[in-house]
Amino acid sequence: MAPQVRRTAFPKVLIERDTDSEQSSSDDDDEEEEQENENEEKTEEFNDTKKKGKSPITISLKKVCKKTGHEAGFKGATYIDCPMKPCFLCKMPGHTTMTCPHRVATEHGVVPAPHVNTQNPVEFVFERQLKPRITPIKPAYVIPNQVDCAVIRYHSRRVTCLEFHPTNNHILLSGDKKGQLGVWDFAKVHEKTVYGNIHSCILNNMRFSPANDGMIYAASSDGTVSCTDLETGISSTLMNLNPDGWQGPGSWRMLYGMDINLERGVVLVADNFGFLYLVDSRSNSQTGKAIMIHKKGSKVVGLHCNPFQPDLLLSCGNDHFARLWDMRRLEAGSVLANLEHRRVVNSAYFSPFSGTKILTTSQDNRLRIWDSIFRDLDSPSREIVHSHDFNRHLTPFRAEWDPKVIKPNTVIVLRHISFILNDSLDPSESLAVIGRYISENYNGTALHPIDFIDINTGQLVAEVMDPNITTITPVNKLHPRDDVLASGSSRSLFIWRPKEKFDVSEQSDTRKIIVFGGDEKKRGKRSKDDYDDDSDDDKFNVKGKNVKVKKPAKQMTNRKAKR
DNA sequence: AGCCGATGTAGCC
DNA sequence: TGGCTACCCTCGGC
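Calculation notes
Residues numbered from 1 in each chain as written. Chains lettered and ligands numbered in written order. Predicted model: local features only at pLDDT ≥ 70, side-chain atom pairs only at ≥ 80, totals over all residues. Heavy atoms only, no water. UniProt positions renumbered as here; feature names shortened; annotations may be inferred. Domains from an automatic or database assignment. Contact = heavy atoms within 4.5 Å. Buried area = accessible area lost by both parts, 1.4 Å probe. Salt bridge = Lys/Arg side-chain N within 4 Å of Asp/Glu carboxyl O. Nonpolar A, V, L, I, M, F, W, Y, C, P; charged D, E, K, R; others polar. Helix = DSSP H or I, 4+ residues; strand = E, 2+ residues; numbered from the N terminus. Near = heavy atom within 4 Å. Polar contact = N/O pair within 3.5 Å; in protein donor to acceptor, adjacent residues only side chain to side chain. Pairing = 2+ DSSP bridges. pLDDT = per-residue confidence, 0-100. Axes fitted to C-alpha atoms, helices over the stretch in contact; angles between N-to-C directions.

- Under the annotation held in an unreviewed UniProt entry, chain A carries the name Protein DAMAGED DNA-BINDING 2 and is attributed to Gossypium australe.
- Looking at the Subcellular location (unreviewed entry) heading of the UniProt record, one finds this comment for chain A: "Nucleus".
- Taken directly from UniProt, the Sequence similarities (unreviewed entry) text for chain A runs: "Belongs to the WD repeat DDB2/WDR76 family."

**A short note on the domain arrangement of chain A**
Thought 1: Domain parsing of chain A yields domain 1 (59-103) and domain 2 (141-406 + 427-497).
Thought 2: With ten residues of domain 1 in contact, the opposing surface of domain 2 contributes 15 residues.
Thought 3: Together, the buried faces of domain 1 and domain 2 total about 960 Å²; carbon and sulfur atoms form 57% of this surface.
Thought 4: When the buried area of domain 1 at its contact with domain 2 is split by residue, Ala77, Phe88 and Leu89 rank highest and sum to 48% of it.
Thought 5: At the junction of domain 1 with domain 2, the criterion picks out one salt bridge.
Thought 6: Here the residues of the side of domain 1 that touches domain 2 sort into five nonpolar, three polar and two charged.

**Describing the UniProt feature "repeat: WD" (unreviewed entry) in chain A**
Thought 1: The feature "repeat: WD" (unreviewed entry), as annotated in UniProt, sits at residues 152-185 and 338-371 in this numbering.
Thought 2: Annotated as residues 338-371, this span is 0% helix and 56% strand, and its ends, taken at the C-alpha atoms, are 15 Å apart.

**A closer look at the protein's contact with DNA strand B**
Thought 1: The environment of DNA strand B is made up of Lys177, Lys299, Asn318, His320, Arg343, Val344, Asn391, Arg392 and His393.
Thought 2: Counting only the atoms of DNA strand B within 4 Å of the protein, the fraction contributed by sugar and phosphate is 54%.
Thought 3: Residue Arg392 places a side-chain N or O atom 2.6 Å away from a base oxygen belonging to DNA strand B.
Thought 4: His393 is positioned with one of its side-chain polar atoms (N or O) 2.3 Å from a base oxygen of DNA strand B.
Thought 5: The residue makeup of the surface near DNA strand B, split by class, is one nonpolar, four polar and four charged.

**So, the sheet that holds strand E26 (residues 400-401)**
Thought 1: The antiparallel open sheet is built from four strands, whose spatial order is E26-E27-E30-E31. Every other strand in the sheet has two partners, leaving E26 and strand E31 (459-464) as the edge strands with one partner each.
Thought 2: Bridge count between E26 and strand E27 (residues 431-435): two bridges; the pairing is antiparallel. Considered in E27, the bridge of Glu400 is made with Val433.

**Things to note about the protein's contact with DNA strand C**
Thought 1: As a structural note, the neighbourhood of DNA strand C is formed by 19 residues, with Lys62, Tyr79, Ile438, Ser439 and Ser490 the closest of them.
Thought 2: A breakdown of the atoms of DNA strand C within 4 Å of the protein gives sugar and phosphate a share of 65%.
Thought 3: For DNA strand C, a phosphate oxygen lies 2.3 Å from a polar atom in the side chain of Tyr79.
Thought 4: By residue class, the composition of the surface near DNA strand C is eight nonpolar, five polar and six charged.

**Notes on the confidence of the model for chain A**
Thought 1: For chain A, the mean per-residue pLDDT works out to 77, and 69% of the residues sit at or above 70.
Thought 2: Every residue in residues 114-118 is under pLDDT 50, and counting partners more than four places away or in other chains gives eight contacts.
Thought 3: With pLDDT under 50 throughout, residues 503-510 is counted as low confidence; its partners more than four residues away or in other chains account for eleven contacts.

**Observations concerning the sheet that holds strand E5 (residues 146-152)**
Thought 1: Judged by pairing direction, the sheet is mixed, and its five strands sit side by side in the order E32-E33-E34-E5-E35 without closing on themselves. The open sheet has two free edges, formed respectively by strand E32 (475-478) and strand E35 (513-516), since each of these has just one partner strand. In this sheet, adjacent strand axes meet at a mean angle of 15° when their direction is disregarded.
Thought 2: Bridge count for E32 against strand E33 (residues 485-489) is four bridges, and the pairing is antiparallel. If you follow Lys477 over to E33, its bridge partner there is Ala486.

So, in structure tokens, the structure goes:
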């Protein structure tokens, strides 16, 4: 079969370097011009080869199968599957990823698996009477689909989690595999800080303190829960599960899932042995005993308190289950529901407004949706096949709800429903975002898009990508108020905004601002080799294809004024 | 450019 | 239950 190519028009890229202030000699302008032209040339060239299809087709099929004669690998930018293996996407034998019905049916790669359970009467009523009345999902033009700004190689290791500031619209927090915490003001682009001494390894989850939005709680594989002041970077440890240090892998406890229950004043964390811990956020001490909520010895990777009824807790982990708990009766065996999956569950979230839906991401390449927690939870209402099953080397993929819905406990006067008038809101609680593992051939480049999925239908609302981001983007978070998407891809951060929302005059290629990491204010202890490789920070590395960096153009300076 | 290592889960014995 | 190895569209460093 001929490799398939998806045609998408990409704009040219302009990359800003954040060491501009260092150079201010008289021939600066010329140099700038020169570099600009050079960049123009390079970019043209880059685009031209693709347009004319002149770039040589690289064939790198490699042996992936023990049987002779069966190989797989890239043919140009299209990946060819080994015909002897089950489909990489849906895991079913008899076809390859290229011909998988879940990939080709909608032309976008996302289609719901058949309804798994026969409809019960309540469900029938829901489908026939309630569902049609739900306001349709938000229009496509508010989907963030174009890179607005970025920090390239901001973190020294891959990004593991992201969190938007609850009140300041331009602050993005990011955690990494090394345990460092990034604070980036993406409106000022260059204002970025990395705190390096909070944790000693993977920062798995973080949450803002509901009582004080200048404080952030974080759970790490070093076995501690931290509480950090964002201004000063001063951090305190709420709990340490390894007070005696390293005693071998059998006893080293790591913290993964985390959430905060404001009403009870507790921080909930869960470890890699199946246990849940409650930490009193006022006294900073553990309350009660650890409770085994998942299979003994298995990782509990996610915790989520219901936004509407905070005593309802959702957990998920490596024992292939997501579980529903009542905080008032928390003990092993008191589980309300066990939501079964075929593989590890990367994440499980209640819907952000009503809290009645559940969305999970599992390593079996399926998103699962339970439409109501008040119904029979034996099997999901829907399964959506989606490629996200990479389980090592990368941060696990998690489907995230669009949080732009009315906050819980908000009184809504039905005759004056303001939120329906606002396009940014998704009153139907149907929009989710998740990065895609499998690549597609877009104009000769293999890219891994970020998918916006209508979880009511399985439809792909948008696939978002940029030709310069050839790395996989497993970490994604939608802004709680604005039409903004934040992505963590490898060590870099990206901010996306809707293309259509910009003024036409602003739609030029120069809107993309890329800042290179490495010289941000350093606070706390950092290891020596953190930025050893930053000497070549004039390159925006695109998997070997280096796009030459342009120095800040004049129009770039205007950009900030426009904001 | 090409190789290597870190890394998590599953399935086998 | 533990040890071993297969998985095989990563990414960054040397």
